[in-house]
Amino acid sequence: MTNQIIFVTGNPHKVAEAVAICAPRGITIVQNDCGYPELQDDDVARVAAYGAEHVVNRLDCAVIVEDTGLYIDALNGFPGPYAAYVYDTIGNAGILTLMRDTGGNDERRATFRSIIGYCKPGMTAITFEGTVTGRIAYEERGAGGFGYDPIFEIDGVAFASMGDDAKNKVSHRAKSFEKFAEWFIRHGKA
Ligand code: IMP
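Residues numbered from 1 in each chain as written. Predicted model: local features only at pLDDT ≥ 70, side-chain atom pairs only at ≥ 80, totals over all residues. Heavy atoms only, no water.

## Some words on helix α1 (residues 12–22)
No. 1: Looking only at α1, the buried set comprises Lys14, Val15, Glu17, Ala18, Ile21 and Cys22. Down the axis of α1, the buried side of the element spans an arc of 165 degrees, and every buried residue falls inside it.
No. 2: The secondary structure elements touched by the buried residues of α1 are β1 (4–8), β2 (28–32), β3 (63–72), α6 (164–170) and α7 (172–188).
No. 3: Measuring from the backbone nitrogen of His13 back to the side-chain oxygen at the start of α1 gives 2.8 Å, which picks out Asn11 as the cap. (Buried < 20%, exposed > 50% of the residue type's maximum accessible area, 1.4 Å probe, protein only. Helix = DSSP H or I, 4+ residues; strand = E, 2+ residues; numbered from the N terminus. Arc of directions from axis to C-beta. Contact = heavy atoms within 4.5 Å. Polar contact = N/O pair within 3.5 Å; in protein donor to acceptor, adjacent residues only side chain to side chain.)

Here you go:
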């Protein structure tokens, strides 16, 4: 019985967050940076499932991938599953500009959705979801984290300001990896 799983991602921050959740539960995360095509789809769960199945066909072993969407209420859920493209094009400054005339904490509500796709040879991918709701800040803050962390805040504290341990207590990814780890320990070991 092995309690090791290959996590296909090029993002070292995601790996660190996954390890922080999985290692204490006895699961070893092994990063593989082989990449996979990102399906353009409205549902991040389908993106993660498609990615996991694609990688299994290539590596011929059990794998996980993880895909994140960011849904901003005032922008009708934008950028949603296109969070990576939007980050690479307009970035945090662009989001803050789009939100310039949006006032009040409730109006600035936003939700991160993390989906882990798990697949192994001969099976259809299954997914594990974690979400966290916070607010889009009025300005970038903090030096930690990655991506949208400087503009996503909970109770007035940006993910980029709260430190890795605190983020990992509340984040979307912590929740999806907790669900995955619980399932993997019971059913997933090869
Ligand atoms: P992806 O899952 O790597 O496609 O992520 C989509 C976009 O959201 C990328 O621009 C990431 O940098 C960003 N992102 C993913 N997870 C997080 C997070 O935990 N905090 C902030 N930004 C994130």
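## Notes on unusual backbone geometry
No. 1: Phe78 connects to Pro79 through a cis peptide bond whose omega is 0 degrees.
No. 2: Note on placement: Pro79 falls in strand β4 (residues 79–80).
No. 3: You will see that Asp60, though not glycine, has its phi angle at about 60 degrees, which is positive.
No. 4: Looking at the secondary structure, you find Asp60 in the loop between α2 (44–59) and β3.
No. 5: Of note in the backbone geometry, Asp155 takes a positive phi value of approximately 50 degrees without being a glycine.
No. 6: Within the fold, Asp155 resides in the loop between β7 (152–154) and β8 (157–158).

## Side note on the pattern of salt bridges
No. 1: Within the structure shown, the criterion is met by 13 salt bridges.
No. 2: Residues Asp106 and Arg135 are paired through a salt bridge, measuring 3.9 Å at the closest nitrogen-oxygen approach. Residue Asp106 is located in the loop between α4 (91–98) and β5 (109–119), and its partner Arg135 is located in strand β6 (residues 126–136); the two are separated by 29 residues in the primary sequence.
No. 3: Take Arg135: its relative accessible area is 24%, and that puts it in the partly exposed class.
No. 4: Salt bridges here are not isolated pairs; linked through shared partners, they connect Lys14, Glu17, Glu66, Asp149, Lys167 and Arg173. (Salt bridge = Lys/Arg side-chain N within 4 Å of Asp/Glu carboxyl O.)

## Here we look at a nonpolar patch on the surface
No. 1: A contiguous nonpolar patch, built from Phe78, Ile90 and Leu98 and spanning about 240 Å² of accessible area, is present on the exposed surface.
No. 2: Tracing the backbone shows Ile90 in the loop between α3 (83–89) and α4.
No. 3: Classification of Ile90 as partly exposed rests on a relative accessible area of 37%. (Patch = residues over 30% accessible without salt bridge, like charges linked within 9 Å, V, L, I, M, F, W, Y side chains within 5 Å. Areas by Shrake-Rupley, 256 points an atom, 1.4 Å probe, with all protein chains shown as cover.)

## As for the layout of surface pockets
No. 1: Here the largest pocket is characterised by a volume of approximately 650 Å³.
No. 2: Lining the largest pocket are 33 residues, and of these Asn11, Lys14, Glu38, Thr68 and Ala84 lie nearest its centre.
No. 3: When the residues that make up the lining of the largest pocket are grouped by side-chain class, the tally is 14 nonpolar, nine polar and ten charged.
No. 4: In this model, the second largest pocket occupies a volume close to 190 Å³.
No. 5: Taken together, 16 residues form the lining of the second largest pocket, with His13, Glu17, Gly145, Gly163 and Asp164 sitting closest to its centre.
No. 6: Contributing elements (two or more residues each) for the lining of the second largest pocket: α1, α5 (159–162) and α6.
No. 7: Considered class by class, the residues forming the lining of the second largest pocket number five nonpolar, six polar and five charged. (1 Å grid on protein atoms, 1.4 Å probe; cavity = no way out; pocket = protein on both sides within 12 Å on 5 of 7 lines; lining within 4 Å. Points joined across faces, edges and corners; volume = space filled by probe spheres on them. Nonpolar A, V, L, I, M, F, W, Y, C, P; charged D, E, K, R; others polar.)

## Let's talk about the packing of aromatic side chains
No. 1: All told, the structure shown has twelve aromatic pairs when counted by the stated rule.
No. 2: Residues Phe112 and Phe159 carry aromatic rings whose centres are separated by 6.2 Å and whose planes lie at 5 degrees to one another, so their mutual orientation is stacked. Highlighted residues: Phe112 in strand β5 and Phe159 in helix α5, separated in sequence by 47 residues. Of the two residues, Phe112 and Phe159, both sit in the buried class. (Phe/Tyr/Trp six-rings, centres within 6.5 Å; stacked < 30°, edge-to-face > 60°.)

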